[in-house]
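One-letter residues, chain by chain:
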Amino acid sequence: MTGGNGIVLEVKNLKLTFGAVQALAEVSLEVKEHEILAIIGPNGAGKTSLLNCINGFYRPGEGQVIFQGKDITRSSPHSIAQLGISRTFQNIQLYTGLTALDNIMAGRHLFFQRGMAACALFFGWARREEIEHRRIVEEILDFLEIKPIRKMAVGALSYGLRKRVDLGRALALEPKLLLLDEPMAGMNREEKEDMARFILDVYEERGTPMVLIEHDMGLVMDIADRVVVLDFGRKIAEGLPQEIRNNEKVIRAYLGKG
Amino acid sequence: MPEVNTIPGLLKANYERWGDREVAIRDKDFGLWQEYTWKGCYEKVKNFCLGLVSLGLRPEEKVAIIGDNEPEWFWAAFAVQAARGTVVAQFTDAIPDELKYTIDFADCKFVVARDQEQVDKILDIKELLPKVEKVIYWYYKGMRNYTEPFLLRFDQIEQMGKEYGQEHPGIFEQKIEEISPDDIANLYFTSGTTGLPKAVMCSHRALIGSTRAALTITQLTPKDNLLSYLPPAWVGEALFGSVAHLLVGAKLNIPEEPETVLHDVTEILPQWILGGPRQWEGWVSQIRARIAEAGALERAVYNLLMPIALKVADLKLKGKEVSFPWKLLYALADLLLLRALRDRIGLSKAQFAATAGSVLGEDTFKFIFALGIQLRQLYGSSEGGIISAHLEDDVRVGTVGPALPGVEVKVSEEGEILVRSNYAFSRYYKNPEATSKALRDGWWYSGDAGHVDEQGHIIFMDRISELGELRSKAKYAPQYIESGLRFSTYIKDAMAIGDRTRDFVTAIVIIDFENVGRWAENNRIPYTTFTDLSQKKETANLIRADVERVNKTLPEVARVKKYVLLHKEFDPDEADLTRTRKLKREALQGRYGELIEAMYAGKEELPVEAEITYQDGRKGTLKTSLKIHTLQ
């Protein structure tokens, strides 16, 4: 189900403007079937805007987003989710009043087949369906080692745990492509290492390709297969982590013009 | 029926008696209680045992097991014992260095590890463990891309065992017949408060004998529930958990995660429960913290009725008559408050609730007793098994109860407790010198200071080596001070200091970050980190009240004169604590030597730069200034 040559997602000449501000200028990139692609760049480089274009939050002015050979540039976020692109958010977007379990369960709503009435009565098929979804959610809780907080309201959880619940919610969609927007931002060293391990576990166990936005270069070097660098809405470099580390343009973008 | 005295023999007897009709083990997983019948467990053990045999496990060989309490843990252990091998249980939070020492010292042939985390630790040190032939794991997440040829899955071993069993019918039953009660079932490493740990060899007879002795002072039926939450690397788990489960046929219930024990226990309502002082203190401070957060009505009921319960408990514990009005009031308190509290912490059926390990503070003891739970002090060790325990309705503060049937206790001239029993350990592994020192003329020299009173109750003071003496030759009991301090909701840990070169006692206190943090929030005291909170003036005043409370119960010479609130917690990863969370005094005195000197030198504060070890093994440093508090 790829575009042929092992490419899951193709972004072609994407342009996005907000008034006079050019957020993205002719950005092109590809995500292969088996890789973790990291997107890095200074603040305001357009990283999150790019993700927003991919999953349909923003409509780009020009260009194309092709997922598994299908043009999704003009599709709505929920139909893109249905196609199998799932994401986590930089500023966690969870129902703070609901439990960790319910939040992840909510991530499965796309798969619920029964109508509202049947679900409300919790009868027959609806019941069987709910149990099946619960089993899958329990497996995710186990996978992310958050079983002890299953019944705790998300609002009462620490930041690191909330990030994990957010990842769990994204996994509940059984994504074919996972977009991770700074999953490790604001974490301490130990939480970051934990999160990196979970991301690698997801990748190894499920083989889900990922697009990862991250600032911590050390971590990017450790877990990404390839790196794309954005600066002022333009792609300034692309390559293996090692190449990127030594790239003149990248160093200049990060450290200012020398 | 003849008395069965081997662990696999008991399993087989239960299987023949109950087969598929009764549940043996219940394990909470995926939020549900998963049940395994006696037949199911027996088959698992059989297959795993034969799998190990087909890989070459011979009698007297050792297998290390490392992982949290889960059914696979016990199946693996029973399987090793069925092959006449010895189980070497490891603590799950052991660092690779510790594992290297214990696994290598015990000559383990196989390692059974739970998951990726534990397997990674073993892989790190695999080159240093030439005697380990296979590493087997039972939780497969994240293990897909591990290609080491010596790594095997739990179900692979079971499959191998199944095939081996088909080729050799009846071999498993024959193996169980061959086991002698004197075979060594488990090897326990002493927690090593002094020097390198010693490996205590416990036979089937010793483990089963201790549990049988416990059954003479309490009841347990096949209908009852047991809770498996103590680390299996501690002998207490076997005596109060898996062995009791096999001996009686009571169900063994395993909580979902170590973090969920306090919740899961409310669904189990165990009949027996053994906890270390820290577990009981944890329960008490949990109740207090919840009451502090409860609504006004609940708080009023608690504040009205709890003093009544405490008063009655005090009278009972002192052996005094409780007058009728008080009895009536207590019944009222029980109806309106205590029953609910017991239920809330899951101990409403706890017939045999015991505390062991180190001395439990009197206040904690009284509090639990006031709840209507007969908390019995129990005295035991890997070497001696269960030596003594309080009998029902004969619970007294300050003693550890009379010796159990089959156990003789006397006190040597030096004040050391000596024990002779049928179920003491066999010897120390590869350490004849220590064995001949500890076992003389059939008596085990416990190394504990204490005496026996007129009613035959043993009074345990402390390790002989641990009683402190000041320059004035005055003795003081560091553990008493520490557990008194730990009783406070706001104190997590404490260490009392003082020796022959010192004139007075000082203490290092660790605040309970969660509870002090909550208190600070309620009182609008801003803070950032643990370090910051610990050095706040308000925190100092809060803790001062607790130190004064403990001091009031001590003679003038033994009181704490100075103390500091440490900027971090004691941590097993930094060798501050043993794995059962006992203080490692020598290591601590070394690590905080400068701080201790500063207290005795009369300084008011001390800049510190502490090396801290992160959980991943990396090191960093932390700079701060610690205030030294003085009491008048």
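Keep in mind that this is a model prediction, so the values were computed, not measured. (Residues numbered from 1 in each chain as written. Chains lettered and ligands numbered in written order. Predicted model: local features only at pLDDT ≥ 70, side-chain atom pairs only at ≥ 80, totals over all residues. Heavy atoms only, no water.)

Visitor: For this particular structure, what's the right way to read the overall build of chain B?
Guide: Summing up its helical and strand segments, chain B has 21 helices and 28 strands in all. Here chain B has a C-alpha radius of gyration of 25 Å; the compact-globule value for 632 residues is 26 Å, and the two agree. Oriented by its inertia axes, the alpha-carbon framework of chain B measures out at about 80 × 60 × 55 Å. Relative to its full complement of 632 residues, chain B shows a buried share of 57%. A sequence separation of at least 24 residues applies to 66% of the contacts in chain B between residues at least 6 apart. In chain B, the 80 positive side-chain charges and the 91 negative ones have mean positions that sit 3 Å from each other. (Helix = DSSP H or I, 4+ residues; strand = E, 2+ residues; numbered from the N terminus. Rg over C-alpha atoms; globule rule 2.2 N^0.38 Å. Buried < 20%, exposed > 50% of the residue type's maximum accessible area, 1.4 Å probe, protein only. Contact = heavy atoms within 4.5 Å. Lys, Arg positive; Asp, Glu negative; His and termini not counted. Charge placed at Lys NZ, Arg CZ, Asp CG, Glu CD.)

Visitor: Is there a simple way to think about the nonpolar core in this case?
Guide: For soluble globular proteins, the rule of thumb is that nonpolar side chains tend to be buried together. Residue and element names in this part refer to chain B. Counting 134 residues, the largest nonpolar core has Phe48, Leu207, Phe240, Ile273, Trp280, Leu371 and Leu378 as the members making the most contacts within it. In this structure, Leu207 is in contact with Ile7, Ala185, Asn186, Tyr188, Cys202, Val235, Leu239 and Val243, ignoring residues within four places of it in sequence. Among the nonpolar cores identified, the runner-up in size contains 47 residues, and Ala494, Val509, Trp519 and Val564 belong to it. (Core = buried A, V, L, I, M, F, W, Y, C linked by side-chain atoms within 4.5 Å.)

Visitor: Is there a simple way to explain the pairing of strand 4 (residues 86-90) of chain B in this structure?
Guide: On any regular strand, side chains alternate: one points to one face of the sheet, the next to the other face. Residue and element names in this part refer to chain B. The element strand 4 is largely enclosed, with a buried count of five among its five residues. Residues Thr86, Val88 and Gln90 line one face of strand 4 and the alternating positions Val87 and Ala89 line the opposite face, and both faces are buried. In terms of strand pairing, strand 3 (residues 62-66) meets strand 4 through five bridges, oriented parallel. Note that in strand 4 the partner of Val63 across the bridge is Val87. Crossover connection from strand 3 via helix 3 (residues 71-82) to parallel strand 4: handedness right-handed. (Pairing = 2+ DSSP bridges. Right-handed = clockwise from strand over helix to strand, strands pointing away.)

Visitor: What exactly am I supposed to notice about the interface of chain A and chain B here?
Guide: Think of interface size as the accessible area that goes away when the parts come together; that is how it is often given. Taken together, the contact between chain A and chain B spans 17 residues of the former and 18 residues of the latter. A buried area of about 1500 Å², summed over both sides, lies between chain A and chain B, and 44% of it is on carbon and sulfur atoms. At the boundary of chain A with chain B, the tally comes to six salt bridges. In this structure, Lys147 of chain A and Glu256 of chain B form a salt bridge, with 3.9 Å as the shortest nitrogen-oxygen distance. Seen at the junction of chain A and chain B, the total is seven residue pairs in polar contact (both at pLDDT 80 or more). Contributing elements (two or more residues each) for the side of chain A that touches chain B: helix 5 (125-143) and helix 7 (189-206) of chain A. Residue contributions to the side of chain A that touches chain B peak at eight residues, all from helix 7 of chain A. By residue class, the composition of the side of chain A that touches chain B is four nonpolar, no polar and 13 charged. (Buried area = accessible area lost by both parts, 1.4 Å probe. Salt bridge = Lys/Arg side-chain N within 4 Å of Asp/Glu carboxyl O. Polar contact = N/O pair within 3.5 Å; in protein donor to acceptor, adjacent residues only side chain to side chain. Nonpolar A, V, L, I, M, F, W, Y, C, P; charged D, E, K, R; others polar.)

Visitor: Can you walk me through the sheet that holds strand 2 (residues 21-32) of chain A in this structure?
Guide: The strands making up a sheet are joined through hydrogen bonds of the backbone, oriented either antiparallel or parallel. All names here are of chain A. Spatially, four strands are ordered 2-1-4-5 in an open sheet, and the strand pairing comes out antiparallel. If you trace the sheet from one side to the other, it starts and ends with strand 2 and strand 5 (70-71), each paired once. As judged from the two bridges shared by strand 4 (residues 62-67) and strand 5, these two strands associate in the antiparallel manner. Each residue of the ladder has a partner; that of Phe67, found in strand 5, is Lys70. Sheet strands in contact with helix 1 (residues 47-54) are strand 1 (7-18), strand 2 and strand 4, and its direction is about 115° off that of strand 1. (Axes fitted to C-alpha atoms, helices over the stretch in contact; angles between N-to-C directions.)

Visitor: What am I meant to see in the pattern of salt bridges here?
Guide: Oppositely charged side chains can pair when the atoms bearing their charge come close. Taken as a whole and judged by the stated rule, the model has 51 salt bridges over all chains. Arg153 of chain B serves as the salt-bridge partner of Asp155 of chain B, at 3.2 Å between the closest nitrogen and oxygen. On the basis of relative accessibility, which here comes to 30%, the residue Asp155 of chain B falls in the partly exposed class. The class of Arg153 of chain B is partly exposed, set by a relative accessible area of 29%. The partner of Asp532 of chain B in a salt bridge is Lys536 of chain B, and the shortest N-O contact between them spans 3.8 Å. Under the relative-accessibility criterion, Asp532 of chain B is labelled partly exposed at 26%. Given the relative accessible area of 22%, Lys536 of chain B is considered partly exposed. Through salt bridges with shared partners, a single ionic network connects Arg134, Glu138, Asp142, Lys147 and Arg150 of chain A together with Asp29, Glu256 and Glu257 of chain B.

Visitor: Would you take a moment to explain helix 21 (residues 593-600) of chain B for this structure?
Guide: Helical periodicity: at 3.6 residues per turn, an α-helix aligns residues three or four positions apart in one direction. Where helix 21 of chain B is concerned, the buried positions are Leu595, Ile596, Ala598, Met599 and Tyr600 of chain B. Positive phi shows up at Gly602 of chain B, right after helix 21 of chain B, with a value of about 80°.

Visitor: Is there a simple way to think about the pairing of strand 3 of chain B in this case?
Guide: Residues and elements named next belong to chain B. Taking burial as the measure, the five residues of strand 3 include five buried ones, the bulk of the element. Of the two faces of strand 3, the one holding Lys62, Ala64 and Ile66 and the one holding Val63 and Ile65 are both buried throughout. Where strand 3 meets strand 5 (residues 108-113), five bridges bridge the pair, whose relative direction is parallel. Pairing of Lys62 across the sheet is with Cys108, part of strand 5.

Visitor: Looking at this structure, I do not really get empty space enclosed by the protein. What am I missing?
Guide: The gaps left among the atoms become clear once a water-sized probe is rolled over them. All names here are of chain B. Considering all chains together, one arrives at three cavities of 30 Å³ or more under this definition. Every residue lining the largest cavity is counted, 16 residues in all, and those nearest its centre are Trp73, Gln81, Asn186, Ala238 and Ser242. The set of elements that each furnish at least two residues to the lining of the largest cavity consists of helix 3, strand 4, strand 8 (184-189) and helix 9 (235-248). Residue classes in the lining of the largest cavity are distributed as 12 nonpolar, three polar and one charged. (1 Å grid on protein atoms, 1.4 Å probe; cavity = no way out; pocket = protein on both sides within 12 Å on 5 of 7 lines; lining within 4 Å. Points joined across faces, edges and corners; volume = space filled by probe spheres on them.)

Visitor: Help me out: how do you make sense of unusual backbone geometry in this one?
Guide: Negative phi values dominate among residues other than glycine, just as trans dominates among peptide bonds. Even without being glycine, Glu174 of chain A reaches a positive phi, approximately 50°. Positionally, Glu174 of chain A belongs in the loop between helix 6 (159-172) and strand 7 (177-181). For Glu174 of chain A, a relative accessible area of 40% corresponds to the partly exposed category. The phi dihedral of Asp107 of chain B falls on the positive side, at around 60°, and the residue is not glycine. Within the secondary structure layout, Asp107 of chain B lies in the loop between helix 4 (96-105) and strand 5.

Visitor: Got a minute to help me understand helix 5 of chain A in this structure?
Guide: Residues and elements named next belong to chain A. Its 19 residues give helix 5 an end-to-end C-alpha distance of 27 Å, which sits within 8% of 27 Å, the value for a rise of 1.5 Å per residue. Among all positions of helix 5, only Ala126, Glu129, His133, Ile136, Val137, Glu138, Ile140, Leu141, Asp142 and Phe143 are buried. Where helix 5 ends, the next residue or the one after it, Glu145, has phi of about 55°, a positive value. (Expected span 1.5 Å × (residues − 1).)

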